[in-house]
Amino acid sequence: MMTNKPSKPINLFDVQASQKVIGQENFLKAFETILNHGGYAQGPECRELDEKLAAYSGTQYCSTCGSGTDALTLALMAWDVKPGDAVFVSSFTFVASAECVAIVGATPIFVDSDPNTYTMDPKDLEKAIANVKKEGKLNLKAVIAVDIFGNPCNYDEIMKIAHSNGMKVLSDAAQSYGSEYHGKRAGNIADMTATSFYPTKPLAGYGDGGAVFTNNVAENDLVKSCRVHGMSPEDHYDNVRLGMTGRMNSFQAAVILQKLKVFEQELKDRYTIAKRYDDGLDAYFGKQKILDNCKSAYALYTITCEDRDELMAYLKENGIPCGAYYPRPVNTQTAYAKWNTRSLPVCEKLAKTVLSIPMHPYLDKESQDYVIETMNAFAAKKNSKAA
Ligand SMILES: Cc1ncc(COP(=O)(O)O)c(C=O)c1O
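Predicted model only: the values in this text are computed from it and were never measured.

Draft legend 1. View of the sheet that holds strand β5 (residues 168-172). The strand order across the open sheet built from 7 strands is β1-β9-β8-β5-β4-β2-β3, with neighbouring strands paired in mixed fashion. Two strands close off the open sheet at either side, each with one partner strand: β1 (61-65) and β3 (107-111). Between one strand and the next, the sheet's axes are offset by a mean angle of 20 degrees, whatever the strand orientation. Where strand β2 (residues 85-90) lies against strand β4 (residues 139-146), 5 bridges are found, and the strand directions are parallel. The residue bridging Phe88 from the neighbouring strand is Val143, located in β4. Along the sheet face, helix α8 (residues 217-227) touches β1, β8 (192-196) and β9 (210-214) and points at about 15 degrees away from the line of β1.

Structure below.
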């Protein structure tokens, strides 16, 4: 029997639901503390959050900052990435993964995706490196591996290839905080990691926020210096390198500290929903492959479908919000045209076929059933036409 359309609207994300679970009074208490101590920017809440996140990830150091884009840029600044450097980056991603490379004046070299995991294809990375070496114009500097939709990349392969070419790997874990790769948590997998606390991310703030993770004390000192305009730790009026205004504000840190209290449970609830989708959705839909011994953080649950636009219209007609993340690979976007040097067929195909469906820890079972059944009804029509 078909599940009736739920009476409550279904949300793709729900950025407010956890307020009830945590208790608004706890947020208000934390805000009152900040109003009373007056340390609004990079105050004690930020230091507490640095410590809690480093402990959660199992890394030595965490530096919270203004956004995920700042976190990526700060990591590149700490590695002194500059004009003349090649930074290899996935093209099937949110623009910030490549934008940070251009911000520091380096050259983004776009890499194709694996059609099953949707993350960087290590074989295509090797090809892209060989091309840059053959041209001989740029220094091989770094690889940015993006855990798209929360799914950890093939880090063993990517790090082996990068390290054997003298490059470091920056994990763009903006969508994957809380994910696991071979027993290690996001933050403690690559050479450095950047994450985001934008409100739709797995660990979400109420505005912009981000963090950089490393196990290297020198790198951490550089990130902290770049976060405040390249300030010297000895003389605050001597800026010894270029940096930015990249501080986190204390109100944001206070929100994320509250959200951390329910984060483990929220991740568990995301896994449960993803498993129900994995098991319940018709094989007509392609499902994102998670590598063995890994856990996605399921920032988004994303399928592929040849009739994506038709499916999207059908779901919307039936009250199910959904979104095509991302309809254009970064290498095909206007501001990136000068770096669009070769075709990336898997990224192009993904951009035409991906669809993200409702996924958040507070999506009730009735809504999950309704999503599954509505999608399967679409698949049944298509399957019967094909038979
Ligand atoms: C993969 C990826 N990288 C980087 C970012 C940038 O994060 P922020 O929006 O916090 O700057 C995002 C945010 O959407 C993202 O999804």
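From this point on, the discussion continues.
Draft legend 2. Representation of the pairing of β8. Burial within β8 is extensive, with 5 of its 5 residues counted as buried. With burial as the criterion, each face of β8 is covered, one bearing Met192, Ala194 and Ser196 and the other bearing Thr193 and Thr195. The sheet contact formed by β5 and β8 spans 3 bridges and is parallel. In the strand pairing of β8, Ser171 is matched with Thr193. Sheet analysis places β8 next to β9, joined by 5 bridges and oriented antiparallel.

Draft legend 3. Representation of the packing of helix α4 (residues 68-78) against helix α5 (residues 96-103) within the structure. Put simply, α4 and α5 touch, their axes get as near as 9 Å, and they point 45 degrees apart. Taken together, the axis directions place α4 and α5 in an arrangement best described as oblique. Note on packing geometry: the crossing formed by α4 with α5 is right-handed. Here Gly68, Thr69, Leu72, Thr73 and Leu76 of α4 come into contact with α5, specifically with Ala96, Ser97, Glu99, Cys100, Val101 and Ile103. Looking at side-chain class alone, the contact of α4 with α5 contains 6 nonpolar, 4 polar and 1 charged residues.

Draft legend 4. Structural context of the packing of helix α6 (residues 122-135) against helix α7 (residues 155-164). The geometry of α6 relative to α7 is characterised by a closest axis approach of 9 Å and an angle of 15 degrees between their N-to-C directions. When the axes of α6 and α7 are compared, the pair comes out roughly parallel. Of the two elements, α6 crosses α7, and the hand of that crossing is right-handed. Taken together, the residues of α7 that come into contact with α6 (itself represented by Pro122, Leu125 and Glu126) are Glu157, Ile158 and Ile161. Here the contact of α6 with α7 is built from residues that sort into 4 nonpolar, no polar and 2 charged.

Draft legend 5. A look at the nonpolar core. Residues Ala75, Val87, Phe88, Val143, Ala145, Ile158 and Val212 are the most contacted members of the largest nonpolar core, which totals 107 residues. Top contributing element to this core by residue count: α4, with 7 residues. Both domains that furnish three or more residues to this core are identified here as domain 1 (21-260) and domain 2 (263-386). Contacts of Val87, omitting those with residues within four sequence positions, involve Val81, Val101, Ala106, Pro108, Ile109, Lys141, Ala142 and Ile144.

The rules behind these values
Residues numbered from 1 in each chain as written. Predicted model: local features only at pLDDT ≥ 70, side-chain atom pairs only at ≥ 80, totals over all residues. Pairing = 2+ DSSP bridges. Helix = DSSP H or I, 4+ residues; strand = E, 2+ residues; numbered from the N terminus. Axes fitted to C-alpha atoms, helices over the stretch in contact; angles between N-to-C directions. Contact = placed C-beta atoms within 7 Å. Buried ≥ 20, exposed ≤ 12 C-beta atoms within 10 Å, placed from the backbone. Parallel < 35°, antiparallel > 145°, perpendicular 65-115°, else oblique. Left-handed = near helix turned anticlockwise from the far one by under 90°. Nonpolar A, V, L, I, M, F, W, Y, C, P; charged D, E, K, R; others polar. Core = buried A, V, L, I, M, F, W, Y, C linked by C-beta atoms within 7 Å. Domains from an automatic or database assignment.

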